[in-house]
Structure formats: structure tokens, C-alpha cells
Amino acid sequence: MQETRDTHISNNKSLVELCSYGDKFYCTDNIKLAEESKIQNSDKLYNSQHRGVIIVLQGSMNLTVNNTQLKLKANDYLAIMPHTSIELLPSRCKMLSLKVSSYIMHDLYEQFGLDVGIREGFFTFNHYHLTPRQASILAHDYEQIKQEILTDYKSMKEYMIQARLGVYISHQFTILSKLEPVPHSDNSETYRLFNDFLTQLDQHYKQERSVQFYANALNVQPKTLSAATVKYTGRTASRVIDEYVVMRIKIVLYNNRHNIKEVSDMFNFASQSFFGRYFKRIVGCSPRKYISTASKKLSK
């Protein structure tokens, strides 16, 4: 099983992907298209490793995230975490979307000393109603990030993008700290089981990677647990566990503060070679190869 490659909302023919930098930063919008911008229905898109934001500037946007149907109105803000499935539905709106690799965003949050509870939340989304002024501030920051990506120079480019992103993050958390998220609750037993599983996974991912362990902890059968994860993620419980563990490993590898043996021990693998095989099976390359292409040290 190799990691599924992300699909992006820019694949929708009614949107325009203005710029991207590797697989790390994506800026997508339809701001300069016709006054009434029509968004077409899309296939289900999978976001495996990016933290994404959608801001609707005019009109309204219909979409589903992990099978939850949403309607975003003007000045609405939607944060989409890694491991989420998104489907765009027919809409008319002006919108922008910013996506950043989770390991980069996590590192920036850590640098800024942001609370762990704020920066976590894989497999989920958060919806807020902004004021026109708040939406305008974040849209301006988005334009600054986009222009940095579009520049021709290569030296220190990722560092400069991250500097612009730091301004955006500062504004984002200042704004969101004063707002309550829009509730999108599901009171079913299946949804509670899914969320209890995510809580257990967050607590035990370094030591436990078996579906049976989590099923026992939740007092359900493995097939019942997988039915819940399939409903809300489209993934079996085993796949959810592997994707979550690998995301956490990538965050550690990106910072490049530990050698491969130390990372293997940190995540309780039986041996370094077993760790390497596990990582390659899911990601498609060895941990060492991943470091050589995605290390934070390469950004400077």
C-alpha cells in the first residue's frame, strides 16, 4: 500500500490553479474569472497531507467534507485537515484556497508556540463565519503568499514563502480565537465511535498500530470499527492508523533533529529495518530518501 497522492480542488475545470511550489504550497482561486463564477460538480477529492483553507468572498459554495454537506456563504472560512475527502457541488461564488503540507504548518505552529490542541485535528474540518473585514485581511495575506510563490528567484524561496505564511497564521489565530466554530454535529453512535477511536489513536500511535488493540480499547469488533472509519473517511481502520502514524513520522523527519534509528525507537518499531519497510510500503520511498527531499534544512 503506497500513500495516495492528493487530488486538489484546482482539478475542477471551473477553477484555476494559479501557482504551486512543489507539493508543499498551493494557491487556487477564481477571483479574476467572470463576475458570477460557476463551480461545477467534482469527483470526490482526497487530501492526505495538507492543511487547507477555503474562504468564500462572494456568493455561496456547496461541498461535502467526509460525507458532511456544507454550505459556505460570503466571508465563511473552512479549515480542512489532512486525511479528508472533499466533493465540490454546483455553486456560484468567488473563492480562494490555500494548502500547505502538514509537516511545514506543524513546524511553524511549534515555532510560534501555538497550543497543541489548536494545531491538531486530522480527519476533521472547522467552519467559521468571518466579518467582511476579517475575510479581507486573510485574502490579502493569501495574495502575498501567492505572489511569493510566483516570483522567479530560487534562493531562499521556501523561507520567504514561510515568512509570508507566518503573517497569515498570526492573523488567522488572532481572528479565530475570538470566534466559535459553526457546529456540524452528528449524534449517532457510529460518529461517537469514530471520534473515540481518533482520541485513542492520538494517545497511543507511537506504541500501537493494530486494529485489534483499538477495537479492544473501545469494546467493539474490528469490523465495526472499520465500518465507522469507512463511513467518515472512506478508509479502513488499518489504513487510518497507518496514515496517521506516517503523518506523525513525517513531522519528525521534516525537522531532521533525529537520526533514522532514533525515529524508529521513538515510534516503537522492532528494528530500524522494519521501520524502513513500513514507511516505504505506505509512502513509496525510504525514510532516508524522504529526508533528502523534504528536510527542513533544505529550506534554508
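Structure shown above.
Residues numbered from 1 in each chain as written. Predicted model: local features only at pLDDT ≥ 70, side-chain atom pairs only at ≥ 80, totals over all residues. Heavy atoms only, no water.

*Asks:* Describe the layout of surface pockets, listing the residues and the values that go with them.
*Replies:* For the largest pocket, the calculated volume is near 550 Å³. Elements represented by at least two residues in the lining of the largest pocket include exactly β9 (125-129), α5 (189-204) and α8 (237-255). If one sorts the elements of the lining of the largest pocket by residue count, α5 sits on top with six residues. Here the lining of the largest pocket is composed, by residue class, of twelve nonpolar, ten polar and four charged. (1 Å grid on protein atoms, 1.4 Å probe; cavity = no way out; pocket = protein on both sides within 12 Å on 5 of 7 lines; lining within 4 Å. Points joined across faces, edges and corners; volume = space filled by probe spheres on them. Helix = DSSP H or I, 4+ residues; strand = E, 2+ residues; numbered from the N terminus. Nonpolar A, V, L, I, M, F, W, Y, C, P; charged D, E, K, R; others polar.)

*Asks:* Just give me the short version of the packing of α5 against helix α6 (residues 211-218), but keep the residues and values in it.
*Replies:* Between α5 and α6, the least distance of the axes is 10 Å, while the angle of their chain directions is 120°. Comparing their axes, α6 and α5 come out oblique. Regarding α5 and α6, the two cross each other, and that crossing is right-handed. Residues L193, D196, F197, Q200, L201 and H204 of α5 lie in contact with α6, whose contacting residues are F213, Y214, A217 and L218. In the contact of α5 with α6, the residues fall into seven nonpolar, two polar and one charged. (Axes fitted to C-alpha atoms, helices over the stretch in contact; angles between N-to-C directions. Parallel < 35°, antiparallel > 145°, perpendicular 65-115°, else oblique. Left-handed = near helix turned anticlockwise from the far one by under 90°. Contact = heavy atoms within 4.5 Å.)

*Asks:* Explain unusual backbone geometry residue by residue, including any values.
*Replies:* Note on backbone geometry: most residues besides glycine have negative phi, and most peptide bonds are trans. Positioned with a positive phi, N66 is a non-glycine residue whose angle comes to about 50°. In this fold, N66 is placed in the loop between β5 (50-65) and β6 (68-73). Look at N66 and you get buried, because its relative accessible area is 8%. Even without being glycine, N67 reaches a positive phi, approximately 70°. Mapping N67 onto the fold places it in the loop between β5 and β6. (Buried < 20%, exposed > 50% of the residue type's maximum accessible area, 1.4 Å probe, protein only.)

*Asks:* Tell me about empty space enclosed by the protein, and name the residues and values.
*Replies:* Across all of its chains, the model carries two cavities of 30 Å³ or more by this definition. Size it by volume and the second largest cavity reaches roughly 30 Å³. In terms of lining residues, the second largest cavity is bounded by V53, I55, L96, L98, L138, Y142 and Y168. When its residues are assigned to classes, the lining of the second largest cavity shows seven nonpolar, no polar and no charged.

*Asks:* Requested: an account of a nonpolar patch on the surface, with residues and values cited.
*Replies:* A cluster of nonpolar side chains, contributed by Y153, M156, Y159 and M160, occupies part of the molecular surface with about 350 Å² of accessible area. Looking at the element boundaries, Y153 is found in the loop between α3 (132-150) and α4 (157-176). On the accessibility criterion, Y153 (33% relative accessible area) is partly exposed. (Patch = residues over 30% accessible without salt bridge, like charges linked within 9 Å, V, L, I, M, F, W, Y side chains within 5 Å. Areas by Shrake-Rupley, 256 points an atom, 1.4 Å probe, with all protein chains shown as cover. Salt bridge = Lys/Arg side-chain N within 4 Å of Asp/Glu carboxyl O.)

*Asks:* Account for the pattern of salt bridges, with residues named and values stated.
*Replies:* Enumeration over the complete set of coordinates arrives at eleven salt bridges. One salt bridge in this structure joins E158 and K24, with 2.7 Å as the shortest N-O distance. Of the two residues, E158 sits in helix α4 while K24 sits in the loop between β1 (16-21) and β2 (25-29), which places them 134 residues apart along the sequence. Judged by relative accessible area, E158 falls into the buried class, the value being 4%. Taking relative accessible area as the criterion, K24 reaches 17% and is therefore assigned buried. Put simply, D29 and K146 hold a salt bridge, and the shortest N to O gap is 3.4 Å.

*Asks:* Let's hear about the pairing of strand β8 (residues 84-101): which residues, and what values?
*Replies:* With 15 of 18 residues buried, β8 lies mostly within the body of the structure. The sheet contact formed by strand β3 (residues 38-39) and β8 spans two bridges and is antiparallel. From the neighbouring strand, I39 faces β8, where its bridge partner is S91. Strand direction decides the pairing type here: strand β4 (residues 45-47) and β8, joined by three bridges, are antiparallel. Within β8, the residue paired with Y46 across the bridge is S85. The pairing of β5 with β8 spans 14 bridges and is classified as antiparallel. Looking at the pairing, V56 lines up with M95 of β8. (Pairing = 2+ DSSP bridges.)

*Asks:* Hey, could you go over the pairing of β6 for me, with residue numbers and the actual values?
*Replies:* In terms of strand pairing, β5 meets β6 through six bridges, oriented antiparallel. Considered in β6, the bridge of M61 is made with L72.

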